[in-house]
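# Residue-level structure breakdown
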Amino acid sequence: MAYDEDNGRTAGDGVTRRRPLRERHVEETVEVAVPVRTAYNQWTQFKTFPRFSAVVRDVEQLRPTVTAWTLGYGPVRHRFQVEIVEQDPDAYLAWRGLEQHPTHEGEVEFRPTESGGTAITVRMLLRPHGAVKVLTRSPRVTGLAARLVRRELVGFKHFIEGLGQEGGAWRGTIRNGRVQHDTPEPPRSRVAQWPVG
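Now for a look at the structure at hand. Within any chain, residue numbers begin from 1 and follow the written order of that chain's sequence. Confidence filtering applies because this is a predicted model: local features only for residues at pLDDT of at least 70, side-chain atom pairs given and counted only at 80 or more, and all residues used for totals across whole chains, interfaces and linings. Side-chain measures were taken over the full set of non-hydrogen atoms in the model, leaving aside hydrogen atoms and water.

### Observations concerning the side chain of Thr65
Using the following cut-off: Strands here are runs of E lasting at least two residues and helices are runs of H or I lasting at least four, both read from the DSSP assignment and numbered beginning at the N terminus. Using a 1.4 Å probe on the protein chains alone, a residue whose accessible area is under 20% of its type maximum counts as buried, one over 50% counts as exposed, and one in between counts as partly exposed. Contacts were defined at the residue level, with two residues in contact if any of their heavy atoms lie within 4.5 Å.
Among the structural elements, Thr65 can be located in the loop between strand E4 (56-63) and strand E5 (66-73). With a relative accessible area of 8%, Thr65 lands in the buried category. When near neighbours in sequence (up to four residues on either side) are disregarded, Thr65 contacts Val82, Glu83, Ile84, Ile174, Gly177 and Val179.

Pasting the structure below:
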């Protein structure tokens, strides 16, 4: 997949993809010793995140492009919805928070390594509101967020390498928050269907 600095990602089909985050607070990469397809397939199994995550308590699939995440540490819990806005199998996934005042957006890229493994890069842009907004300007807070993302990526690395294969997959493509179908739906007849018999 090529990238044009002015227009965003483009693929052989000529469709422009979402631009990578230019402004970001967090960017972390980890290499995993499984092929890209395996890493990507497992990543899209969001319900398994609590099995390796220190902060994800639950993930619920609400619609094909919307999930509800519950994060927590100790007794503190925060639930929010996330929409997947772009998804290219074995390559890229981008999301945004759906709160009234979205607190973040992010993306994850999957790239093959020379050793046959996968480099997974997560980028996040934090958009807090109120008093927390001032805190995200602090290098200490953004460093804490980066360490948390790094720890989650390392947790995923150990999880998928321990399994050695994915526990499921969702291979769909998403553009602008809508699932793209491989074959277009046939046109519907405008003729009323009368009962037979």
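### Describing the environment of Thr44
Applicable threshold: As used in this structure description, the phrase polar contact means that two N or O atoms lie within 3.5 Å; if the pair is within protein, one of them must be able to donate a hydrogen and the other to accept it, and residues adjacent in sequence are counted only when both atoms belong to side chains.
Considering the arrangement of structural elements, one finds Thr44 in the loop between helix H1 (36-43) and helix H2 (49-52). The spatial distance from the C-alpha of Thr44 to the C-alpha of Arg171 is 8.4 Å, given a sequence separation of 127 residues. Sequence-distant contacts of Thr44, defined by excluding residues within four places in its chain, comprise Gln87, Ala169 and Trp170. A distance of 2.8 Å separates a polar atom in the side chain of Thr44 from the backbone oxygen of Asn41.

### Concerning the pattern of salt bridges
Where we set the bar: A pair is scored as a salt bridge if a Lys or Arg side-chain nitrogen falls within 4 Å of a carboxyl oxygen belonging to Asp or Glu.
Summed over all chains, the structure comprises nine salt bridges. Across the salt bridge formed by Glu86 and Arg175, the nearest N and O atoms sit 3.4 Å from each other. Here Glu86, found in strand E6 (residues 76-88), pairs with Arg175, found in strand E10 (residues 173-175); they are 89 residues apart in sequence, far enough to count as distant. The same class applies to Glu86 and to Arg175, which are both buried. Residues joined by salt bridges that share partners form a network here, namely Glu27, Glu107, Glu109 and Arg123.

### Remarks on the pairing of E5
Condition: In this description, strands pair whenever DSSP reports at least two bridges between them.
Of all eight residues making up E5, six are buried, and the element is well covered by its neighbours. Pairing geometry for E4 and E5, over six bridges, is antiparallel. Within E5, the position partnered with Glu60 by the bridge is Ala68. Hairpin geometry of E4 and E5 is characterised by an intervening segment of two residues between the two adjacent antiparallel strands. Pairing of E5 with E6 involves eight bridges; the strand directions are antiparallel. Its bridge partner lying in E6, Val66 is registered against Glu83. Hairpin connection from E5 to E6: two residues lie between these consecutive antiparallel strands, with Gly74 at a positive phi of about 65°.

### Section: the nonpolar core
The following threshold applies: The term nonpolar core refers to a set of buried residues drawn from Ala, Val, Leu, Ile, Met, Phe, Trp, Tyr and Cys, joined through side-chain atoms within 4.5 Å.
In this structure, Trp43 and Ile120 are the most contacted members of the largest nonpolar core, which totals 34 residues. The greatest single-element share of this core, amounting to seven residues, is contributed by helix H4 (residues 139-163).

### Comments concerning the packing of aromatic side chains
Quick reminder of the rule: Each Phe, Tyr or Trp ring, with Trp reduced to its six-membered ring, pairs with another whose centre is within 6.5 Å; inter-plane angles below 30 degrees give stacked pairs, above 60 give edge-to-face pairs, and intermediate values give tilted ones.
Tallied over the full model, the rule gives ten aromatic pairs. With centroids separated by 5.4 Å and ring planes inclined at 70°, the aromatic side chains of Phe52 and Phe156 adopt a geometry described as edge-to-face. Of the two residues, Phe52 sits in helix H2 while Phe156 sits in helix H4, which places them 104 residues apart along the sequence. Here the two residues Phe52 and Phe156 agree in accessibility, since each one is buried. Clustering of aromatic rings is evident, with ring pairs tying together Tyr40, Trp43, Phe46, Phe49, Phe52, Trp69, Phe110, Phe156 and Phe159.

### Focus: the pairing of strand E9 (residues 118-126)
Taking burial as the measure, the nine residues of E9 include nine buried ones, the bulk of the element. Burial along E9 is two-sided: Thr118, Ile120, Val122, Met124 and Leu126 and Ala119, Thr121, Arg123 and Leu125, pointing in opposite directions, are all buried. Pairing of strand E3 (residues 26-32) with E9 involves seven bridges; the strand directions are antiparallel. By the bridge assignment, Val26 is partnered in E9 with Met124. Between strand E8 (residues 104-112) and E9, which pair antiparallel and follow one another directly, the connecting turn spans five residues, one of which, Gly116, has a positive phi of 95°.

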